[in-house]
Amino acid sequence: MSVVVTPRLILRPLSPSDADAYVAMRFHPGVAQWLPASAGDPLKRVQATIAAFADDWRTRGYAPWGAFERVALGGDVAREGRLVGHVGLRFLPEFDGTEVLYAFLPDLHGKGYAREAAAASLDFGFDVVGVPSILAITLETNVRSWGLMQRLGMTRGPDGHYKGLDVVRYDIDVASWRARRS
Ligand SMILES: CC(C)(COP(=O)(O)OP(=O)(O)OC[C@H]1O[C@@H](n2cnc3c(N)ncnc32)[C@H](O)[C@@H]1OP(=O)(O)O)[C@@H](O)C(=O)NCCC(=O)NCCS
């Protein structure tokens, strides 16, 4: 399981002890309104999600990370702060491809954190995992989400359906990402 450090974030696989903090992020009204409805006890749901992500880390070599604030302690030394989001890659059977997903607590919106973390996810997917292309989906009304897809250089593909919802789809391939990065 991989850990990635960006200028302002530490991205690491979630563990069972993160469950309460993950509930607070995933079920914050400003986050949950944009994600597929999740029935049942939130704690049990995120415990199942954390377990499913751990399975994917073992079997696929990638899964979403928890995004933690990187708290500077001076020099290059930093410690992990609060859990502020999730971000990373997940295989989507419905699209037969690998998606980049992201969600952050509202107090971090509009500060570039999601872009920083999503860019690190694309680097990881193309350079470490070696997937040829990555997709992203969202509701057409989620302007901030597809705006981020565009800011990453992703291009709009055919619309689709996911968990009973109409979604817009964006894609990027390894050559386009590398050209954009250089
Ligand atoms: C979707 C989501 C992750 C997008 O987050 P975001 O903060 O808008 O995206 P970015 O990280 O690209 O930030 C962009 C903004 O930060 C600003 N910014 C400030 N400092 C910045 C920096 N250092 N680097 C880059 N941008 C910076 C940009 O100017 C831009 O501002 P604007 O919104 O006024 O145009 C966020 O809205 C979210 O978590 N929503 C709830 C969950 C969700 O919808 N998830 C997606 C489901 S498909």
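Since the structure is predicted, the reported quantities are computational estimates derived from the model, not experimental observations.

Conventions we followed
- Residues numbered from 1 in each chain as written.
- Predicted model: local features only at pLDDT ≥ 70, side-chain atom pairs only at ≥ 80, totals over all residues.
- Heavy atoms only, no water.
- Helix = DSSP H or I, 4+ residues; strand = E, 2+ residues; numbered from the N terminus.
- Buried < 20%, exposed > 50% of the residue type's maximum accessible area, 1.4 Å probe, protein only.
- Contact = heavy atoms within 4.5 Å.
- Near = heavy atom within 4 Å.
- Polar contact = N/O pair within 3.5 Å; in protein donor to acceptor, adjacent residues only side chain to side chain.
- Areas by Shrake-Rupley, 256 points an atom, 1.4 Å probe, with all protein chains shown as cover.
- Nonpolar A, V, L, I, M, F, W, Y, C, P; charged D, E, K, R; others polar.
- Pairing = 2+ DSSP bridges.
- Phe/Tyr/Trp six-rings, centres within 6.5 Å; stacked < 30°, edge-to-face > 60°.

### A word on the environment of Met 154
Consideration 1: Looking at the element boundaries, Met 154 is found in the loop between helix 5 (143–151) and strand 7 (155–156).
Consideration 2: Relative accessible area serves as the criterion here: at 4%, Met 154 is assigned to the buried category.
Consideration 3: When the C-alpha atoms of Met 154 and Arg 115 are compared, they prove to be 12 Å apart, with 39 residues separating the residues in sequence.
Consideration 4: Setting aside anything within four residues of it in sequence, one finds Met 154 in contact with Val 100, Ile 134, Leu 135, Ala 136, Met 149, Tyr 170, Asp 171 and Ile 172.

### What about the site of the ligand?
Consideration 1: Close to the ligand lie 21 residues, the nearest being Phe 104, Gly 110, Asn 142, Arg 144 and Arg 151.
Consideration 2: For the ligand, an oxygen atom lies 2.7 Å from a polar atom in the backbone of Gly 110.
Consideration 3: Protein contacts shield 69% of the accessible area of the ligand, which totals 950 Å² for the unbound molecule.
Consideration 4: Going through the elements one at a time, strand 5 (97–104), helix 4 (113–129), strand 6 (133–138) and helix 5 are the ones with two or more residues in the shell around the ligand.
Consideration 5: With 4 residues, the top contributor of residues to the shell around the ligand is helix 5.
Consideration 6: Looking at the shell around the ligand, its residues break down into 9 nonpolar, 7 polar and 5 charged.

### Comments concerning the pairing of strand 4 (residues 77–92)
Consideration 1: As paired strands, strand 3 (residues 64–74) and strand 4 are joined by 9 bridges and run antiparallel to one another. For Trp 65, the partnering residue across the bridge sits in strand 4 and is Val 87.
Consideration 2: Where strand 3 folds back on strand 4, the antiparallel hairpin that results is connected by 2 residues, among which Gly 75 adopts a positive phi of roughly 60°.
Consideration 3: Across 8 bridges, the pairing between strand 4 and strand 5 is antiparallel. Paired with Val 87 across the strands is Tyr 102, a residue of strand 5.
Consideration 4: In this antiparallel pair of consecutive strands, strand 4 and strand 5, the connection spans 4 residues, and Asp 96 shows a positive phi of 50°.

### With respect to the packing of aromatic side chains
Consideration 1: In total, this model carries 3 aromatic pairs according to the counting rule given.
Consideration 2: Consider the rings of Trp 57 and Trp 65, whose centres lie 5.9 Å apart with planes at 45°: the pair is tilted.
Consideration 3: Summarising the aromatic geometry, the rings of Trp 65 and Phe 124 are spaced 5.0 Å apart at their centres and angled 65° between planes, so their arrangement reads as edge-to-face. Separated by 59 residues along the polypeptide, Trp 65 in strand 3 and Phe 124 in helix 4 bring together distant segments of the chain.
Consideration 4: What makes Trp 65 buried here is its relative accessible area of 1%.

Geometry only, nothing functional implied.
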